[in-house]
Amino acid sequence: MSYWEILLLGLAVSMDACAVAMTDGMTQKKITPAKALLIGGFFGFFQFLMPLIGYFITGVIANAFLSVFEKISAWIAFGLLLFLGSKMLWEGVSDLRNGGACAVPRDNELTVKKLFVQAVATSIDALAVGVTLKMTEISSYLSSGVWGATTTIGVITLALSFVATYIGKAMGCKLADKANLVGGAVLIGIGLKIFIGSFL
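Reference entry: report on the structure contained in this document. (Residues numbered from 1 in each chain as written. Predicted model: local features only at pLDDT ≥ 70, side-chain atom pairs only at ≥ 80, totals over all residues. Heavy atoms only, no water.)

## Brief notes about the overall build of the protein chain
Stage number 1. Within the protein chain, the regular secondary structure consists of eight helices and zero strands.
Stage number 2. From first element to last, N terminus to C terminus, the protein chain shows the α and β order α-α-α-α-α-α-α-α.
Stage number 3. Considering the protein chain as a whole, with its 200 residues, one finds that 48% of them fall into the buried category.
Stage number 4. Considering only contacts in the protein chain between residues 6 or more positions apart, those separated by 24 or more positions represent 93%. (Helix = DSSP H or I, 4+ residues; strand = E, 2+ residues; numbered from the N terminus. Buried < 20%, exposed > 50% of the residue type's maximum accessible area, 1.4 Å probe, protein only. Contact = heavy atoms within 4.5 Å.)

See below:
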């Protein structure tokens, strides 16, 4: 997986966090740089942490069955990215059908506990990204290593969530519905490239 593919992966998996950050921005009376950075920091940290956990857990399992994993790693990576991408597309379409991601009234108070729950909820799927990173490393290569890849994902999520908070404040949720659609399509595209590349 090249550095550019890792960048695309980071952009794709950050879309859930961006959509939630937009709704956080929309529901706040005032958004300060410190508050936007806190929101971005929570989302970015967990998008960094979850793939790392998934990567190391997979490493322990893969080492015990390395020969098997070498044969099926591209299939696993493709399957996981297809699943995650399809899930994001489904959520995006469902949001559009139900009147938008912000159709349901939300609690205005943005506490650390609420941010923690949001960050975990939007990053739990990234455990599977860690599995994908390990499978990619086994079947071909991972250009920046796992620390570089997960740091890139975390920084991208932090930066985009920071900006999304202000976008949410300025525009409401007009763009939040589209974030999952774009992210899902990118994840499926990366998965297809990994899968096709395993035959070349």
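Next comes the rest of the account.
## Overview of empty space enclosed by the protein
If a probe the size of a water molecule is rolled over the atoms, the empty space left behind becomes visible.
Stage number 1. Per the stated rule, a full pass over the model turns up one cavity of 30 Å³ or more.
Stage number 2. In this structure, the largest cavity encloses a volume near 90 Å³.
Stage number 3. At the level of secondary structure, the elements contributing two or more residues to the lining of the largest cavity comprise α4 (66-97) and α6 (126-139). (1 Å grid on protein atoms, 1.4 Å probe; cavity = no way out; pocket = protein on both sides within 12 Å on 5 of 7 lines; lining within 4 Å. Points joined across faces, edges and corners; volume = space filled by probe spheres on them.)

## Some points on the packing of helix α2 (residues 15-27) against helix α5 (residues 112-123)
Stage number 1. One can describe the packing of α2 onto α5 by two numbers: an axis separation of 9 Å at closest approach and a directional angle of 155°. Classed by the angle they form, the pair α2 and α5 counts as roughly antiparallel. With respect to the hand of their crossing, α2 and α5 are arranged in right-handed fashion. Residue-level inspection shows D16, A17, V20 and D24 of α2 in contact with α5, the latter providing L115, Q118 and T122. (Axes fitted to C-alpha atoms, helices over the stretch in contact; angles between N-to-C directions. Parallel < 35°, antiparallel > 145°, perpendicular 65-115°, else oblique. Left-handed = near helix turned anticlockwise from the far one by under 90°.)

## Description of a nonpolar patch on the surface
Stage number 1. Together, I53, I57, V60, I61 and F65 line one region of the surface with nonpolar side chains, adding up to about 480 Å² of accessible area.
Stage number 2. The residue V60 is located in helix α3 (residues 33-64) in this model.
Stage number 3. Accessibility expressed as a relative area gives 61% for V60, which makes it exposed. (Patch = residues over 30% accessible without salt bridge, like charges linked within 9 Å, V, L, I, M, F, W, Y side chains within 5 Å. Areas by Shrake-Rupley, 256 points an atom, 1.4 Å probe, with all protein chains shown as cover. Salt bridge = Lys/Arg side-chain N within 4 Å of Asp/Glu carboxyl O.)

## Remarks on the pattern of salt bridges
A pair can form between side chains of opposite charge whenever their charged atoms are brought close.
Stage number 1. This structure, assessed with the given rule, holds one salt bridge.
Stage number 2. A salt bridge links K134 to E137; its shortest N-O distance comes to 3.1 Å. Taken together, the residues K134 and E137, both in helix α6 and three residues apart, mark about one turn of the helix.
Stage number 3. Looking at K134, the relative accessible area reads 12%, which means it is buried.

Interpretation in functional terms is not warranted from these geometric data alone.
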